Amino acid sequence: MRVRGAARFADTVDDMTTQTAVSLRDVTKNFGDVEAVRGIDLDIAPGEVVAFLGPNGAGKTTTIDMLLGLSQPTSGEVEVMGMKPRDAIAHGLVSAVMQTGGLLKDMTVRETVAYMASLFANTESVDDVLKRSGISQLAARKVGKCSGGEQQRLRFALALLPDPALLLLDEPTTGMDVEGRRAFWGAIREDASRGRTVLFATHYLEEADQYADRIVLVSKGKVVADGTGSQVKALASGRTVRATWPAADVERLTALGGVDSVEVRGDTVHVHAKDTDTVARYLLSETNARDLEITARGLEEAFINLTGAQA
Amino acid sequence: MSTTTATMGSTVDVTSRNVPRFGGFNSTMLGIELRRMLRNRRTIIFTLVFPAAMFFAFGGQSGWDEKVGSGNVAAYILVSMALYGAALTAAAGGAMVAIERSLGWSRSLRLTPLKPAVYILTKALVALTMGAIAVTVVNVAGIVQGKPSMPVGTWIACALLTVVCTLVFAALGVFIGYLVPGENAMQVLGPGLALFSFVGNVLIPITEGTTMWHVASFTPMFGVAEIARSPLTHELPWYAVLNAVVWLAIFIGGAAWRMSKDTARV
Ligand SMILES: Nc1ncnc2c1ncn2[C@@H]1O[C@H](COP(=O)(O)OP(=O)(O)OP(=O)(O)O)[C@@H](O)[C@H]1O
Ligand SMILES: [Mg+2]
């Protein structure tokens, strides 16, 4: 006789080595005619700390919602710990820290944690979790009276309750001061060092670089780069030189050392380069280009370039 | 360093994880929900003060001593008033779902194994309990005042039926809670239930057979009121039962429909 539970056990043992924490296969999500996610493929191994980095509207939250089973993909496959997202939630394998809301003001901190703890089959002790998130001394306080940072710690405590295999964080430090950020990430890193998989969404390259093992860059619903912090930082490095130069010699410019790309828009030319000094020196001394402007290339621009290159 | 942890893999043994029994239903959660209701000053006024005050205001009107079924008019008013109070309380309890939703709490719950149906069941139980408290308070007010008279068995039967009938309004509260954002739900429910009580033969008597009576028989308070008073009046027309069943189905259906759509961002 094969019991369902036993069969599942056998399966899991078989592919224990190949199991991924997160697996997205050609996932798309449309809202009416808005294509929020346009084909994301992503595998995350157990124990990885991954940053989901992208500008506003890139599709980060939409993707996280699908991983939590809060919404269904328009097409493609979403798996979490080898299960459908809703099943993974039911087994207490995934939890999330949302940016705002999600708490009731009239409950005390302890009541909130006890309430949530009562909903899982396997859970950490309420006192342990309060202590680990540093809010033991707030246990009797009403949630509505807690500061923003304290509430965020409470959300973190709630996320830790089921001892999840995968922790999803959607811009978890928005609104926190520098000290709060540092403490929060300290707790997350410490937690991740015990083997928990963490995926967090952020706008900030520094945050991604500092706290993630791997950065997945998303823009306009697609993964545009995937690598270590230094690899992604290299993409965003460099500057842009803008100059007015009718009849620009694009070929000559492109041939200069350290030039990534050249764009001509009417009389102006935009040069993206790692070594903008050389470009500027060339433009000023050997051509009649004028009105030079040198700007650091932000991540936004790196995104635009990357997506431009992909399209 | 980070690569070591990555190769070590997850320390979580997926196979040791279970799904909670009863869809997540448990006494801790029920206890906290009840405590929240009892701490809420507004609910306490609705539950304990308002219905009792209404009874004192209406329960002693002239002709209170006339005979109705196996009791008197004051008893009839007592049961009606208890129903009104319990309905209001239960609806307020249901409407708390609205506030919870606007605060994103429903979304937090969607990230736990708790089944939406179990959440609703818990809310219903809390609403029933609060309804029972409201009924008890009005009945104690009746005993203190001393005018209502009916056999003890009838008294108890009416009270129990009233509590069961409040389920209809708990469901209505949840439904309205989902339709009307945030704290506004009670602004709709309070006057709405008062109106339904007036046109539904609860707060003022409506003569049977009149046009008003026919209109009344389609409104949501009518059926439950007839049911709650039936041990006293010994009358229970079939259309009153049908009225209660249909409205219950509409409110539960509406609440379930809104709830199933409740994954949207808040
Ligand atoms: N329910 C919805 N209906 C219509 N469009 C939506 C809906 N939800 C999201 N979108 C759109 O989908 C796109 C992706 O949104 P999403 O919230 O996933 O971005 P994000 O990467 O999380 O952005 P941010 O960094 O600003 O949080 C946006 O253009 C957004 O307007
Ligand atoms: Mg977002």
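Cut-off values and rules
Residues numbered from 1 in each chain as written. Chains lettered and ligands numbered in written order. Predicted model: local features only at pLDDT ≥ 70, side-chain atom pairs only at ≥ 80, totals over all residues. Heavy atoms only, no water. Patch = residues over 30% accessible without salt bridge, like charges linked within 9 Å, V, L, I, M, F, W, Y side chains within 5 Å. Areas by Shrake-Rupley, 256 points an atom, 1.4 Å probe, with all protein chains shown as cover. Salt bridge = Lys/Arg side-chain N within 4 Å of Asp/Glu carboxyl O. Helix = DSSP H or I, 4+ residues; strand = E, 2+ residues; numbered from the N terminus. Near = heavy atom within 4 Å. Polar contact = N/O pair within 3.5 Å; in protein donor to acceptor, adjacent residues only side chain to side chain. Core = buried A, V, L, I, M, F, W, Y, C linked by side-chain atoms within 4.5 Å. Buried < 20%, exposed > 50% of the residue type's maximum accessible area, 1.4 Å probe, protein only. Contact = heavy atoms within 4.5 Å. Buried area = accessible area lost by both parts, 1.4 Å probe. Pairing = 2+ DSSP bridges. Axes fitted to C-alpha atoms, helices over the stretch in contact; angles between N-to-C directions. UniProt positions renumbered as here; feature names shortened; annotations may be inferred.

*Asks:* Kindly report on a nonpolar patch on the surface, identifying the contributing residues and their values.
*Replies:* A cluster of nonpolar side chains, Ile45, Leu48, Val49 and Phe50 of chain B, forms an exposed patch at the surface whose accessible area comes to about 310 Å². Along the chain, the position of isoleucine 45 of chain B falls in helix α3 (residues 41-58).

*Asks:* So what's going on with the site of ligand 1? Residues and values would help.
*Replies:* In the neighbourhood of ligand 1, 14 residues make up the surrounding shell, with Asn56, Lys60, Thr61, Thr62 and His203 of chain A lying closest. More than one chain reaches ligand 1: the nearby residues come from chains A and B. Take glycine 57 of chain A: an N or O atom from its main chain is 2.8 Å from an oxygen atom of ligand 1. Here an oxygen atom of ligand 1 sits 2.6 Å away from a polar atom, N or O, in the side chain of lysine 60 of chain A. In isolation ligand 1 has 640 Å² of accessible area, and contact with the protein removes 64% of it. Among the secondary structure elements, those contributing two or more residues to the shell around ligand 1 are β2 (34-44) and α2 (60-67) of chain A. When residues in the shell around ligand 1 are grouped by element, the largest group, three residues, is from α2 of chain A.

*Asks:* I'd like a rundown of the nonpolar core, residues and numbers included.
*Replies:* Most often, soluble globular proteins keep nonpolar side chains buried together rather than apart. Grouped together as the largest cluster of nonpolar side chains are 88 residues, with contacts concentrated most on Tyr115 and Leu154 of chain A together with Tyr84, Leu109 and Phe169 of chain B. Ranked by residues supplied to this core, first place goes to helix α4 (residues 73-102) of chain B with 18 residues. With residues near it in sequence (within four places) discarded, phenylalanine 169 of chain B still touches Ala87, Ala90, Ala91, Leu193, Pro220, Met221 and Val224 of chain B. Residues Phe52, Met81, Ile89 and Met98 of chain A belong to the second largest nonpolar core, which totals 34 residues.

*Asks:* Pulling in residues and values, what's your account of the interface of chain A and chain B?
*Replies:* Counting residues at the interface gives 49 residues for chain A, matched by 39 residues for chain B. Where chain A abuts chain B, roughly 4000 Å² becomes buried across the two surfaces, and 60% of that area is made up of carbon and sulfur atoms. The largest share of the area that chain A buries against chain B comes from Leu70, Tyr115 and Leu119 of chain A, three residues that together contribute 18% of it. Across the pair glutamate 111 of chain A and arginine 35 of chain B runs a salt bridge whose closest N-O atoms are separated by 2.8 Å. Summed over the shared surface of chain A and chain B, the number is 10 residue pairs in polar contact (both at pLDDT 80 or more).

*Asks:* Talk me through unusual backbone geometry; I want residue IDs and the actual numbers.
*Replies:* Comment: phi is negative for the bulk of residues other than glycine, and the bulk of peptide bonds are trans. All names here are of chain A. Notably, aspartate 163 is not glycine yet its phi reads approximately 50°, a positive angle. Position of aspartate 163 among the secondary structure elements: in the loop between α6 (148-160) and β6 (166-170). The backbone phi angle of alanine 247 is positive, close to 55°, even though this residue is not glycine. In this structure, alanine 247 sits in the loop between β10 (239-244) and α10 (250-255).

*Asks:* So, the environment of lysine 131 of chain A: which residues are in play, and what are the values?
*Replies:* Residues and elements named next belong to chain A. By the element assignment, lysine 131 lies in helix α5 (residues 126-132). In this structure lysine 131 comes out as exposed when scored by relative accessible area, which is 61%. Placed 61 residues apart in sequence, lysine 131 and alanine 192 show a C-alpha to C-alpha distance of 17 Å.

*Asks:* Before we move on, could you go through the sheet that holds strand β12 (residues 268-273) of chain A and cite the residues and values that matter?
*Replies:* Residues and elements named next belong to chain A. Taken in spatial order, the four strands of this open sheet run β11-β12-β10-β13, and their pairing is antiparallel. Two strands bound the open sheet, and with one partner strand each, they are β11 (259-265) and β13 (290-296). Adjacent strand axes in the sheet meet at a mean angle of 15° when their direction is disregarded. Note: β10 against β13, five bridges, orientation antiparallel. The residue bridging arginine 242 from the neighbouring strand is glutamate 293, located in β13. Across the sheet, helix α11 (residues 276-286) lies against β10, β11, β12 and β13, angled at about 10° from β10, the strand it touches most.

*Asks:* Run through the side chain of serine 71 of chain A, naming residues and quoting values.
*Replies:* All names here are of chain A. The residue serine 71 is located in the loop between α2 and β4 (75-80) in this model. Residue serine 71 is classed as buried on the basis of its relative accessible area of 19%. Residue contacts for serine 71: discarding those within four places in its chain leaves Lys29, Thr62, Asp65 and Met66.

*Asks:* Now, about the side chain of threonine 219 of chain B: what can you tell me, with residues and values included?
*Replies:* All names here are of chain B. Locating threonine 219 in the fold gives a position in the loop between α9 (211-216) and α10 (220-233). The class of threonine 219 is buried, set by a relative accessible area of 11%. Once residues within four sequence positions are removed from consideration, threonine 219 is found in contact with Phe196, Val199, Gly200, Asn243 and Trp247.

*Asks:* Talk me through the UniProt feature "transmembrane region" (unreviewed entry) in chain B; I want residue IDs and the actual numbers.
*Replies:* Residues and elements named next belong to chain B. Mapped onto the present numbering, the UniProt feature "transmembrane region" (unreviewed entry) falls at residues 43-61, 73-99, 120-142, 154-180, 192-216 and 236-257. Structurally, residues 73-99 is divided into 100% helix and 0% strand, and its ends, taken at the C-alpha atoms, are 39 Å apart. Counted over residues 154-180, helix gives 96% and strand 0%. Its end C-alpha atoms are 38 Å apart.

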